[in-house]
Every structure is written in C-alpha cells, then in structure tokens.
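Survey of secondary and tertiary structure
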Amino acid sequence: MGHKIVAGNWKMNLTLNEGLALVNDLLAHQTAIPSGVEMILCTPFIHMASVHGATQGAIALGAQDCSAHASGAYTGEVSASMVASTGAQYVIIGHSERRQYHHEDDATLLAKMQQALSQGLHVIFCVGEPESIREHGEQAAIDYVQKQLEVLCELPPEQHAALTVAYEPIWAIGTGKTASPQQASTMCLNISRFCTEHLNLPKEGIAVLYGGSCNAKNAKELFAQPGIAGGLIGGASLKADDFLAIANSF
Ligand code: PGA
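What counts as what
Residues numbered from 1 in each chain as written. Predicted model: local features only at pLDDT ≥ 70, side-chain atom pairs only at ≥ 80, totals over all residues. Heavy atoms only, no water. Helix = DSSP H or I, 4+ residues; strand = E, 2+ residues; numbered from the N terminus. Rg over C-alpha atoms; globule rule 2.2 N^0.38 Å. Buried < 20%, exposed > 50% of the residue type's maximum accessible area, 1.4 Å probe, protein only. Contact = heavy atoms within 4.5 Å. Areas by Shrake-Rupley, 256 points an atom, 1.4 Å probe, with all protein chains shown as cover. Disulfide = S-S within 2.5 Å. Phe/Tyr/Trp six-rings, centres within 6.5 Å; stacked < 30°, edge-to-face > 60°. Near = heavy atom within 4 Å. Polar contact = N/O pair within 3.5 Å; in protein donor to acceptor, adjacent residues only side chain to side chain. Nonpolar A, V, L, I, M, F, W, Y, C, P; charged D, E, K, R; others polar. Pairing = 2+ DSSP bridges. Right-handed = clockwise from strand over helix to strand, strands pointing away. 1 Å grid on protein atoms, 1.4 Å probe; cavity = no way out; pocket = protein on both sides within 12 Å on 5 of 7 lines; lining within 4 Å. Points joined across faces, edges and corners; volume = space filled by probe spheres on them.

What follows covers the overall build of the chain. Scanning the chain for helices and strands turns up 10 helices and eight strands. For 250 residues, the compact-globule formula gives about 18 Å, and the C-alpha radius of gyration of the chain, at 17 Å, lands near that figure. Projected onto its principal axes, the C-alpha coordinates of the chain cover approximately 45 × 45 × 35 Å. Across the 250 residues of the chain, 50% fall into the buried class. Summarising the internal contacts of the chain: among those between residues at least 6 apart in sequence, 71% fall at separations of at least 24. For the chain, the accessible area works out to roughly 11000 Å², and carbon and sulfur atoms hold 51% of it.

Taken as a whole and judged by the stated rule, the model has zero disulfides. With no disulfide of its own, Cys 66 lies 12 Å from the sulfur of Cys 42, the closest cysteine sulfur. Among the cysteines around Cys 153, which has no disulfide bond, Cys 195 carries the closest sulfur, lying 8.0 Å off. What makes Cys 153 partly exposed here is its relative accessible area of 33%.

A word on the packing of aromatic side chains. Within a pair of aromatic rings, the relevant descriptors are the distance that separates the centres and the angle that separates the planes. With the rule as written, the count across this model stands at two aromatic pairs. Note on Phe 223 and Phe 250: the rings are 4.5 Å apart at their centroids and 15 degrees apart in plane angle, and the pair reads as stacked. Pair noted here: Phe 223 is in helix 9 (residues 219–223) and Phe 250 is in the segment after helix 10 (240–247), with a separation of 27 residues, a long-range link. For Phe 250, a relative accessible area of 25% gives the class partly exposed.

We now examine the site of the ligand. In the vicinity of the ligand, 13 residues are found, and the nearest of them are Lys 11, His 95, Glu 168, Gly 174 and Ser 213. Separating an oxygen atom of the ligand from a backbone N or O atom of Gly 234 is a distance of 2.9 Å. Contact with the protein chains hides 95% of the accessible area of the ligand, taken as 280 Å² for the molecule alone. Residue composition of the shell around the ligand, grouped by class: four nonpolar, seven polar and two charged.

With that settled, the discussion passes to the pairing of strand 4 (residues 90–93). Of the two faces of strand 4, the one lined by Tyr 90 and Ile 92 and the one lined by Val 91 and Ile 93 are each fully buried. Examined bridge by bridge, strand 3 (residues 60–63) and strand 4 share two bridges and lie parallel to one another. In the sheet register, Ala 63 faces strand 4, and the bridge partner there is Val 91. The handedness of the strand 3 to strand 4 crossover, carried by helix 3 (residues 80–85), is right-handed. In this sheet, strand 5 (residues 122–127) lies alongside strand 4 in parallel orientation, the contact comprising four bridges. The residue of strand 5 that forms the bridge with Val 91 is Val 123.

Quantified by volume, the largest pocket comes out at close to 470 Å³. Together, 18 residues line the largest pocket, and Lys 11, Gln 64, Asp 65, Arg 98 and His 102 are the ones closest to its centre. If one sorts the elements of the lining of the largest pocket by residue count, helix 4 (residues 96–101) sits on top with three residues. For the lining of the largest pocket, the class distribution of residues is seven nonpolar, six polar and five charged. Approximately 390 Å³ is the volume attributed to the second largest pocket. Lining the second largest pocket are 20 residues, and of these His 3, Glu 204, Gly 205, Ile 206 and Ala 207 lie nearest its centre. For the lining of the second largest pocket, the elements supplying multiple residues, two or more each, are strand 1 (4–9) and strand 6 (163–167).

As far as function goes, none of this settles anything; it's purely spatial.
Below, the structure is given as structure tokens:
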C-alpha cells in the first residue's frame, strides 16, 4: 500500500474542550489504524497549539488556511510561520468555502501557497467544480478543474513535492451527495496526470484525495478506486468513531 491520507477538516466546529475530547478519543484508538495511513487534523487556528500538545505529534496537524502575507498589519490574519510554529505540517489552501465566501482567486491562492511552502508546510490544495458545470458533463468538469490546477505551475519546481491535491466537487460538500466512485476516480486520475505532466514530482507522483460527503459507509469503495489516495473529510471527521472507521477503510 502506498502512502494513504485521511485528513479531517473541522471547519468552524468544536470548542477547545470538544476538540480535545475528540483528539483523546482518536488517540485511544489510533493504534488500530493501518500503518501507511497518515491521519491529519485540520483544526481551527485557535486550537492548533493545544491539539499539538495533546497529540505530541502522534497525529499530524494542519491549518484550514493561512494568510497571503508574511507578517504585519493584517488584523485577524494568521501567517504561515505562525501555523508552522504550532507544530503543524499541513495547510489546506483553496477550499471551496474560502474561494466562495472570501473571494479567493488564483493570485491570492498562489501567494498563500508561497507563504506556506516557504515555511516548510505541506499544502493540501483543493479543487472542484460547481453543480452548474457538472451538469454539462464529465469533460466540462475535467476542464474546469484543470484550469484550477494551472496555478500550481507558478510555484517553484523544487517545492512541488510538498503538494497534495484534494478533489472536492462543490455539489458533494456537506450535501450528503457523494460523487460516484467512478466520477471521483476519473477526476482524481486526471488530476494526477495533469500534475505528472506539468509539475516536478517524485516518482511516486502526487497524492490526490477525494472530499465531499465521504463517510464511514462510502469510504471503502471510494478509497478502493484507482487514483484516490485518501480523503479530506468534513462532517464525518467530527465524530471519533466515524473518522476512525474512515481511516480503517483502506
Ligand atoms: P464534507 O466536507 O465531508 O462535510 O462534505 C468536506 C470538505 O469540505 O472538506
């Protein structure tokens, strides 16, 4: 089995005590997770240092975003160096909720990725088409996602190995409507192919995750598909039993 990833995206959920209770539940059962499966918790910024203190690195830590700026007068922003200083190794960039609610465009996403990579963080870059594009068929969705991937080519080649891509069709996020295993696999394989052709990757290529209503019931079938190296999990990452079941689905 190659390197597999199950990343939880808590979004704006869980107080500190709730988050630490979840982490303790995960730690209690973590030994059951197959070797070769990396579990990552992408928590709210304000919980990161506490979560790292609780796990002592036994579960990888990530942020859900970072600033496009290095430091300075940007009230309310959190820099990539601050993220890294909590012990985190990962940061999600380009989640559809950031693109939609915060109008993050390619230039912003590029600046954020440059900040993250310069701090040694590994980027989980999110892409995915809206329903209005998917309605025009698979090729339209592939073209849309390919366009979103082009920004990755602007990054310095020596940093490409620190990229992971998450395919999250917007119509599947938080809707209970999962992409079919075939739809997910076709897109993830296309993403892999694009990245292999355009980026400077190690020979094992890039890890492509699926996200969007992935849960304990459907994870096994999704993760068994060619091209899918794991999942980016929202709702189902908030319950220890569900998230552990997903991590055990490979
Ligand atoms: P969901 O969210 O699993 O709740 O659909 C996935 C995500 O947005 O990362």
